[in-house]
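Reading the structure
Take a look at the letters that make up each chain.
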Amino acid sequence: MDDLSPGDLVRWIIDYRVFEAHDDGEVFPIDAVWAYGIIIEVSNSDPMSVALVRLDTKTHQFLHMIHDGFEVVSKANGG
């Protein structure tokens, strides 16, 4: 995993538009709704926790890479 850095563009799933039911009764989410944000700070104590600005709402959020399931879309340094 590359280190997270201020300026990185990340995305995470906030909802699903559609759910699909199978014959066995299981329901699966499909067609994810993604939120995007720019990292503004990475935690010194946990390098997988970040503060970011969410692009659609212009709000600050704190996310953890594993718990919130965000992924890096683009590195600030082009990496």
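Coordinates for the structure precede this section.
**Topic: the packing of aromatic side chains**
This structure, assessed with the given rule, holds one aromatic pair. Across from the ring centre of Trp 34, 3.7 Å away, lies the NZ or CZ of Arg 11, which sits over that ring.

**Examining the environment of Met 65**
Looking at the secondary structure, you find Met 65 in the loop between strand 4 (60-64) and strand 5 (71-74). Residue classification places Met 65 among the buried positions, given a relative accessible area of 15%.

**Digging into the nonpolar core**
Leu 4, Val 10, Trp 12, Ala 35, Ile 39, Val 42, Val 50, Leu 52, Leu 63, Met 65 and Phe 70 together form the largest nonpolar core, which totals 11 residues. Broken down by element, the residue count for this core peaks at three residues, all from strand 2 (residues 27-42). Beyond its immediate stretch of four places on either side in the chain, Trp 12 contacts Val 33, Trp 34, Ala 35, Tyr 36, Gly 37, Leu 52, Arg 54, Gln 61, Leu 63, Asp 68, Gly 69 and Phe 70.

**Observations concerning the environment of Ala 32**
With respect to the element layout, Ala 32 can be found in strand 2. Taking relative accessible area as the criterion, Ala 32 reaches 18% and is therefore assigned buried. For the pair formed by Ala 32 and Val 73, sequence separation is 41 residues and the distance between their alpha carbons is 16 Å.

**Observations regarding the sheet that holds strand 5**
With antiparallel pairing, five strands are arranged side by side in an open sheet as 4-3-2-1-5. The two strands at the open ends of the sheet, each matched to only one other strand, are strand 4 and strand 5. Recorded for the sheet is a direction-independent mean angle of 50° between the axes of neighbouring strands. Alignment of strand 2 against strand 3 (residues 49-54), held across five bridges, turns out to be antiparallel. Looking at the pairing, Glu 41 lines up with Ala 51 of strand 3.

Conventions and cut-offs
- Residues numbered from 1 in each chain as written.
- Predicted model: local features only at pLDDT ≥ 70, side-chain atom pairs only at ≥ 80, totals over all residues.
- Heavy atoms only, no water.
- Phe/Tyr/Trp six-rings, centres within 6.5 Å; stacked < 30°, edge-to-face > 60°.
- Lys NZ or Arg CZ within 6 Å of the ring centre and 35° of its normal.
- Helix = DSSP H or I, 4+ residues; strand = E, 2+ residues; numbered from the N terminus.
- Buried < 20%, exposed > 50% of the residue type's maximum accessible area, 1.4 Å probe, protein only.
- Core = buried A, V, L, I, M, F, W, Y, C linked by side-chain atoms within 4.5 Å.
- Contact = heavy atoms within 4.5 Å.
- Pairing = 2+ DSSP bridges.
- Axes fitted to C-alpha atoms, helices over the stretch in contact; angles between N-to-C directions.

Note that all results are geometric; they support no functional claim without further evidence.
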